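# Residue-level structural notes
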Amino acid sequence: MVVLKCPVCGGDVTVEDDALPGELVEHECGAQLEVVKNGDKLSLKLAEQVGEDWGE
Ligand SMILES: [Zn+2]
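Now for a look at the structure at hand. Since the model is a prediction, treat every value here as computed from it, not as a measurement.

A few words on the overall build of the protein chain. In terms of regular secondary structure, the protein chain is built from zero helices and five strands. Along its sequence from the N terminus, the protein chain presents helices and strands in the succession β-β-β-β-β. Counting only residues that meet the buried cut, the protein chain has 27% of its 56 residues in that class. The contacts of the protein chain with a sequence gap of at least 6 include a subset with a gap of at least 24, amounting to 17%. Carbon together with sulfur atoms contributes 48% to the accessible area of the protein chain, which is approximately 4,300 Å² in total.

In structure tokens form, the structure reads like this:
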């Protein structure tokens, strides 16, 4: 397991060592986070909000 920082609340987020870039993780603060890989280090960014309100 790897402990990363939530970009939204700054709290710790635990992800699997073998998490893949693009994998979505929901943090306890309610944020949808996306795993990104920089070199051989994992980090997190806020996932794009998709669905919900794209027109009728
Ligand atoms: Zn968070």
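Side-chain pairs of opposite charge can arise where the charged atoms are in close proximity. For the coordinates displayed, the defined rule picks out one salt bridge. The salt bridge partner of D12 is K5, with a shortest N-O separation of 3.0 Å. You can call D12 partly exposed: its relative accessible area is 47%.

This brings us to the coordination of the zinc ion. Coordination of the zinc ion by the protein comes from C6 (SG), C9 (SG), H27 (ND1) and C29 (SG), over a distance range of 2.0 to 2.4 Å. All donor residues of the zinc ion come from one chain, and their arrangement in sequence is C-x2-C-x17-H-x1-C. Remark: C29 occurs in the loop between β3 (24-26) and β4 (32-38) and C9 occurs in the loop between β1 (2-5) and β2 (12-15); sequence separation between them is 20 residues. Accessibility expressed as a relative area gives 43% for C9, which makes it partly exposed.

Turning our eyes to something else, we now look at a negative patch on the surface. On the surface, a cluster of negative charge is made up of E16, D17, D18 and E23. Along the chain, D17 turns up in the loop between β2 and β3. For D17, a relative accessible area of 53% corresponds to the exposed category.

Here is what the cut-offs are and how they apply
Residues numbered from 1 in each chain as written. Predicted model: local features only at pLDDT ≥ 70, side-chain atom pairs only at ≥ 80, totals over all residues. Heavy atoms only, no water. Helix = DSSP H or I, 4+ residues; strand = E, 2+ residues; numbered from the N terminus. Buried < 20%, exposed > 50% of the residue type's maximum accessible area, 1.4 Å probe, protein only. Contact = heavy atoms within 4.5 Å. Areas by Shrake-Rupley, 256 points an atom, 1.4 Å probe, with all protein chains shown as cover. Salt bridge = Lys/Arg side-chain N within 4 Å of Asp/Glu carboxyl O. Donors = N, O, S within 2.8 Å, 3.2 Å for Na, K, Ca; no water. Patch = residues over 30% accessible without salt bridge, like charges linked within 9 Å, V, L, I, M, F, W, Y side chains within 5 Å. Lys, Arg positive; Asp, Glu negative; His and termini not counted. Charge placed at Lys NZ, Arg CZ, Asp CG, Glu CD.

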